[in-house]
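# An overview of the molecular structure
Each chain is listed here by its residues.
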Amino acid sequence: MKKCSSVLAFLFLLLSSISGIHAQSVQISDNLFMIQSKGKFGLNDKWGKEILPAVYDAINLEEEIGFTLKEGNLGMIDRQGKVLLENEYEAIDFEGGRGWTMKNGKIGQVDRHGQTIIENKFDALRFEEGLGYTMIDGKLGLIDFHGKEILPNVYDALEVKGRKVHTIRNGKRKIIDL
């Protein structure tokens, strides 16, 4: 088997040099190879079939998911090379089962399958005790853990105390029951 692999590697290098492709590959799992061609990265299966074209500036595969970099933007792929998120994000950072994303300067969240949990529309987003404190254009609001709006982004200040939200809007104070 080792001799067969050596022969295949030799043939690959020979064909690459003859065709002028100058491609290189590195095995990253039993069935997946990262390829480099003309300074760009892609993925092939063990038979050489293209899974992802070599158009990415970088590919980083982790345990379940991977990230791609293309023209300064991040995307997300699964371990089989399926694109989960196109390269449209300035940042993707997973914490637990959720990925914090930034797109066009706005914050949102996705799951590990690339499905949007919270749309990228907030200037700031912070979760505390199951509630998401949001900010849009300097105005505050609240969402639940799934992104459903509890209070719109119209408040100058808000503070949750138990099941009540103390708000200030246009200088007027109001207490809202959750």
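Below you will find a few notes about this structure. Quantities reported herein were computed from a predicted structural model and do not represent experimental measurements.

What follows is about the packing of aromatic side chains. Tallied over the entire structure, the rule returns three aromatic pairs. Centre to centre, the rings of W100 and F127 are 6.2 Å apart; their planes meet at 65 degrees, and the pair counts as edge-to-face. Of the two residues, W100 is situated in strand β10 (residues 98-103) and F127 in strand β13 (residues 124-128); the sequence distance between them amounts to 27 residues. For W100, a relative accessible area of 22% translates into the label partly exposed. Given a relative accessible area of 24%, F127 falls into the partly exposed group. Ring geometry for F127 against F145: centres 5.7 Å apart, planes inclined by 70 degrees, an arrangement best described as edge-to-face.

Looking now at the side chain of D45. Positionally, D45 belongs in strand β3 (residues 40-45). K49 provides the closest opposite charge to the buried, unpaired D45, separated from it by 5.5 Å. Polar contacts involving the side chain of D45 include one to the main-chain amide nitrogen of W47, which spans 2.9 Å. Apart from residues no more than four positions distant in its own chain, D45 is found in contact with N31, F33 and I51.

Conventions used here
- Residues numbered from 1 in each chain as written.
- Predicted model: local features only at pLDDT ≥ 70, side-chain atom pairs only at ≥ 80, totals over all residues.
- Heavy atoms only, no water.
- Phe/Tyr/Trp six-rings, centres within 6.5 Å; stacked < 30°, edge-to-face > 60°.
- Helix = DSSP H or I, 4+ residues; strand = E, 2+ residues; numbered from the N terminus.
- Buried < 20%, exposed > 50% of the residue type's maximum accessible area, 1.4 Å probe, protein only.
- Lys, Arg positive; Asp, Glu negative; His and termini not counted.
- Salt bridge = Lys/Arg side-chain N within 4 Å of Asp/Glu carboxyl O.
- Polar contact = N/O pair within 3.5 Å; in protein donor to acceptor, adjacent residues only side chain to side chain.
- Contact = heavy atoms within 4.5 Å.

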